[in-house]
Amino acid sequence: MKYQRRLALLLSPGLTLAAPCGVNWTGQTVGAIAFRGITWSGLHFVAVGGGGAIAIGIDGQNWSSPSSVTANGLNGIAWSGSRFVAVGGAGIGPVGTIVATGSEDPSIWTLPTTPPITQILRGIAWSGSKFVAVGDAGTILTSSDGDNWAFAASPTTANLYSLTWSVRLLVEGGSIMILTTANFITWSTVAITGDFRSIAWSGSQFVAVGVSGKIYTSSTGESWQSQTSGVTVTLRGITWSGNQFVAVGNNGTTLTSPDGVNWSPHTSITTLTLYGIAWSGNQFVGVGQGSPNILTSVCPWGDNFTLADNRWTMIGLPAAPTNNTVNDLFGATLTGTYGDGADWEVWQRLYSPVRYDLLELTDPMALGTGYWIRSTTGATVSLSAASAPVLTHPTGCPSTVGCYAISLDTAQAGYKLVGFPLPYPIGWWDVRVVVNGTSYTLDSAEKSNFLASTYWAYNGTGTGGSGSYEVYDDLTPGMIGMPLPWQGWWVKVLDGGIGQPITLLIPAIPKVSQAPAPKGGLERVLELVFPAAQA
């Protein structure tokens, strides 16, 4: 070890005390548009609304308006990694393909090839391999490319409004019914009381919001619990940053919650309706009607992150810090002395030879590297002085915005500690593994004996702070991973990967409100919210 002596705490800028993320908002007006939906691609916000309006923003403050190819109102939009697809009145709306990611207006918009659709479409999501759109009279459509669409069998004629991928399909018609299907033909149901407008998934918790301020939560999609929101207005949109939920609704209402259970309403800068919200990695952007019609809450990178008291935590940095030493990043926030067994400490895993090293306060910390950290008193920390992770476009990257590449040590097989390098959640199934220049899915990389398709995240819930590991992969229902900002985790190099150059490609395909979707021959289902009427 480099040293085991205790060092006096040195104060410096870096990680700052937690900022009120999702609490303080600023507003602006972009045209006379009632925006209904918004998404984030990893580089651009795209908002859609009345009259086929489209607005594109890189920073949440400066917006451009490309020409639309429809006059129909647009209600929802999704990003696949290479395409935006919007839906609205009279069916599928414009399809936008990123063609010049650095330009002010990076999208060319076209109308897709599709069978005639007369029903209004209300919501759309990307599963990892398909777009799924839903709308009035129980309409469900699927498409692998956003151009060619097919009708799926629907279990209902009720209007469908919102969807997110998981292991259950939610249907609402005066109450919310969970419909489970493996093939869109055979369905099973569970019912609860509610009238919902939007749903989000955190990787471990569903949160549905709706009329009269109702909020329900579920870890499985089968058993639901009512929560107290503190408001009585209709809630219309919700998203997850990786560390908190933010919901919006009528009268400019904004709410935040760390867990979907405990909610805090906040003072708004508008009394008009907010319909949608998205997270970019360092800000929430809500959209709605009137003036202002775009609200922004600037946040630390990856949102605020809480270290538990006197517990080991695996971490990774969610952005590239301006000042990157241990002291720069944690010295102003974690109290007491630093060192082995002292008030707080940071350790790194090294592989030649295999060992742990206690970092010195002057040692740098790097994006993509995993670390162990412990603080006697815990703290909520945030990273403000930083820049976005640098993305590249290597062969096999599934996102046209780019991927963050993490090279693994392959001198010997075994577990490698890595840090999740993005400030927003993604789906583990979208990660690619490059071996000797050839790109593999996680499943195929494991079958080729290069890298396990699993990652292991430490949860610290064991006896005496010893903790245990949560295990995630890209295929198994109930185990499908959604890596989150600030996380560190283990990946495992297999025998066939020894000595091979192996790179993990972490793609810019944000999954801030979609649950993972099983692939291959396993069950693939949806979650949808079906209000009885649009309030």
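As the structure is a prediction and not an experimental result, all values here were calculated from the model. (Residues numbered from 1 in each chain as written. Predicted model: local features only at pLDDT ≥ 70, side-chain atom pairs only at ≥ 80, totals over all residues. Heavy atoms only, no water.)

1. Quick word on the overall build of the protein chain
Then comes step 1: Helix and strand counts for the protein chain come out as 2 helices and 46 strands.
Then comes step 2: By residue count, 60% of the 535 residues in the protein chain fall in the buried class.
Then comes step 3: When contacts within the protein chain are restricted to residue pairs at least 6 apart in sequence, those whose partners lie at least 24 apart make up 62%.
Then comes step 4: Accessible area of the protein chain: about 18400 Å², with a carbon and sulfur share of 52%. (Helix = DSSP H or I, 4+ residues; strand = E, 2+ residues; numbered from the N terminus. Buried < 20%, exposed > 50% of the residue type's maximum accessible area, 1.4 Å probe, protein only. Contact = heavy atoms within 4.5 Å. Areas by Shrake-Rupley, 256 points an atom, 1.4 Å probe, with all protein chains shown as cover.)

2. Remarks on unusual backbone geometry
Note: most peptide bonds trans; most residues except glycine with negative phi.
Then comes step 1: In the segment running from serine 291 into proline 292, the intervening peptide bond is cis, with an omega of 5°.
Then comes step 2: Structurally, proline 292 is set in the loop between strand 28 (283–288) and strand 29 (294–298).
Then comes step 3: The amide bond that connects serine 352 to the next residue, proline 353, takes the cis arrangement and shows omega of -5°.
Then comes step 4: The topology assignment puts proline 353 in the loop between strand 33 (344–351) and strand 34 (354–358).
Then comes step 5: If you check the backbone angles, asparagine 251 has positive phi at about 60° while not being a glycine.
Then comes step 6: Residue position: asparagine 251 is located in the loop between strand 24 (245–249) and strand 25 (254–257).

3. Some thoughts on the layout of surface pockets
Then comes step 1: The space that makes up the largest pocket amounts to roughly 1000 Å³.
Then comes step 2: Considering the residues around the largest pocket, the lining is formed by 39 residues, among which Trp240, Gly242, Asn243, Phe305 and Leu484 are closest to the centre.
Then comes step 3: Listing elements by their share of the lining of the largest pocket, those giving two or more residues are strand 25, strand 30 (301–307), strand 31 (313–315), strand 42 (455–458) and strand 43 (469–472).
Then comes step 4: Among the elements that make up the lining of the largest pocket, the one with the highest residue count is strand 30 (4 residues).
Then comes step 5: Across the lining of the largest pocket, the residue classes break down as 18 nonpolar, 17 polar and 4 charged. (1 Å grid on protein atoms, 1.4 Å probe; cavity = no way out; pocket = protein on both sides within 12 Å on 5 of 7 lines; lining within 4 Å. Points joined across faces, edges and corners; volume = space filled by probe spheres on them. Nonpolar A, V, L, I, M, F, W, Y, C, P; charged D, E, K, R; others polar.)

4. Observations regarding the state of the cysteines
In a disulfide, the sulfur atoms of two cysteines are covalently bonded to one another.
Then comes step 1: Taken as a whole and assessed by the stated rule, the structure comprises 2 disulfides.
Then comes step 2: Shown here is the disulfide that connects cysteine 21 with cysteine 299, its sulfur atoms set 2.1 Å apart. Looking down the S-S bond of the cysteine 21 and cysteine 299 bridge, the torsion is 90°, so its handedness is right-handed. Within this pair, whereas cysteine 21 is found in the loop between strand 1 (15–17) and strand 2 (26–28), its partner cysteine 299 is found in the loop between strand 29 and strand 30, the two being separated by 278 residues in sequence. The pair formed by cysteine 21 and cysteine 299 is uniform in burial state, with each residue classed as buried. (Disulfide = S-S within 2.5 Å.)

5. Thoughts on the sheet that holds strand 33
Then comes step 1: Pairing in this open sheet of 4 strands is antiparallel, and the strands run 31-35-33-34 from one edge to the other. The open sheet is flanked by strand 31 and strand 34, the only strands paired with a single partner. Mean inter-strand twist for the sheet, computed between neighbouring axes without regard to direction, equals 30°.
Then comes step 2: Of the pairings in the sheet, the one linking strand 31 to strand 35 (residues 371–375) comprises 3 bridges and is antiparallel in character. Paired with methionine 314 across the bridge in strand 35 is tryptophan 372. (Pairing = 2+ DSSP bridges. Axes fitted to C-alpha atoms, helices over the stretch in contact; angles between N-to-C directions.)

6. Some words on the pattern of salt bridges
Then comes step 1: Counted according to the given criterion, the structure contains 7 salt bridges.
Then comes step 2: Between aspartate 136 and arginine 122 there is a salt bridge; the shortest N-O distance is 2.9 Å. Taken together, the positions of aspartate 136 in the loop between strand 12 (131–135) and strand 13 (140–143) and arginine 122 in strand 11 (residues 121–126) put the pair 14 residues apart, joining distant regions of the chain.
Then comes step 3: With its nearest N and O atoms 2.5 Å apart, the salt bridge here joins glutamate 345 to arginine 374. With a gap of 29 residues between them, glutamate 345 in strand 33 and arginine 374 in strand 35 connect regions that are remote in the sequence. Accessibility assignment for this pair places glutamate 345 and arginine 374 in one class, buried. (Salt bridge = Lys/Arg side-chain N within 4 Å of Asp/Glu carboxyl O.)

7. Quick look at the confidence of the model for the protein chain
Then comes step 1: Averaged over all residues, the pLDDT of the protein chain equals 82, while 82% of them reach at least 70.
Then comes step 2: This model gives residues 1–19 a pLDDT under 50, and the stretch forms 67 contacts once residues within four places in sequence are excluded.
Then comes step 3: Predicted confidence is poor over residues 513–535, with pLDDT under 50, and the contacts of this stretch with residues over four places away or in other chains come to 119 contacts. (pLDDT = per-residue confidence, 0-100.)

8. Points about the packing of aromatic side chains
Then comes step 1: Scanning the model with the defined rule gives 24 aromatic pairs in all.
Then comes step 2: Ring geometry for tryptophan 126 against phenylalanine 131: centres 4.7 Å apart, planes inclined by 55°, an arrangement best described as tilted.
Then comes step 3: Its relative accessible area of 8% is what places tryptophan 126 among the buried residues.
Then comes step 4: Considering the side-chain rings of phenylalanine 131 and tryptophan 149, the 6.4 Å spacing of their centres and the 40° angle between planes classify their relative orientation as tilted. With a gap of 18 residues between them, phenylalanine 131 in strand 12 and tryptophan 149 in the loop between strand 13 and strand 14 (150–151) connect regions that are remote in the sequence.
Then comes step 5: For phenylalanine 131, a relative accessible area of 1% puts it in the buried group.
Then comes step 6: For tryptophan 149, a relative accessible area of 7% puts it in the buried group.
Then comes step 7: Of note, arginine 36 hangs over the ring of tyrosine 275, and the distance from its end group to the ring centre comes to 4.0 Å. (Phe/Tyr/Trp six-rings, centres within 6.5 Å; stacked < 30°, edge-to-face > 60°. Lys NZ or Arg CZ within 6 Å of the ring centre and 35° of its normal.)

9. Focus: the nonpolar core
Nonpolar side chains tend toward joint burial in soluble globular proteins.
Then comes step 1: If you look at the biggest cluster of nonpolar residues, it comprises 98 residues, and the most contacted ones within it are Trp63, Val346, Met365, Leu408, Val491, Leu504 and Ile506.
Then comes step 2: Once residues lying within four places of it in the same chain are set aside, the contact partners of isoleucine 506 are Gly402, Cys403, Tyr404, Ile406, Phe420, Pro421, Leu422, Ile426 and Val431.
Then comes step 3: Judged by nonpolar contacts, the second largest core, of 22 residues, contains Val207, Ile238, Trp263 and Met482. (Core = buried A, V, L, I, M, F, W, Y, C linked by side-chain atoms within 4.5 Å.)

10. Here we look at the pairing of strand 25
Then comes step 1: Of the two faces of strand 25, the one lined by Thr254 and Thr256 and the one lined by Leu255 and Ser257 are each fully buried.
Then comes step 2: Across 4 bridges, strand 24 lies against strand 25 in antiparallel orientation. Bridge pairing in strand 25 places valine 248 opposite threonine 254.
Then comes step 3: Pairing of strand 25 with strand 26 (residues 264–266), which is carried by 3 bridges, proceeds in the antiparallel orientation. Considered in strand 26, the bridge of leucine 255 is made with proline 265.
Then comes step 4: Connecting strand 25 to the next strand, strand 26, in antiparallel fashion are 6 residues, including glycine 260 with a positive phi near 85°.

11. Some points on the side chain of lysine 511
Then comes step 1: Among the secondary structure elements, lysine 511 is positioned in the loop between strand 45 (502–507) and strand 46 (525–529).
Then comes step 2: Take lysine 511: its relative accessible area is 1%, and that puts it in the buried class.

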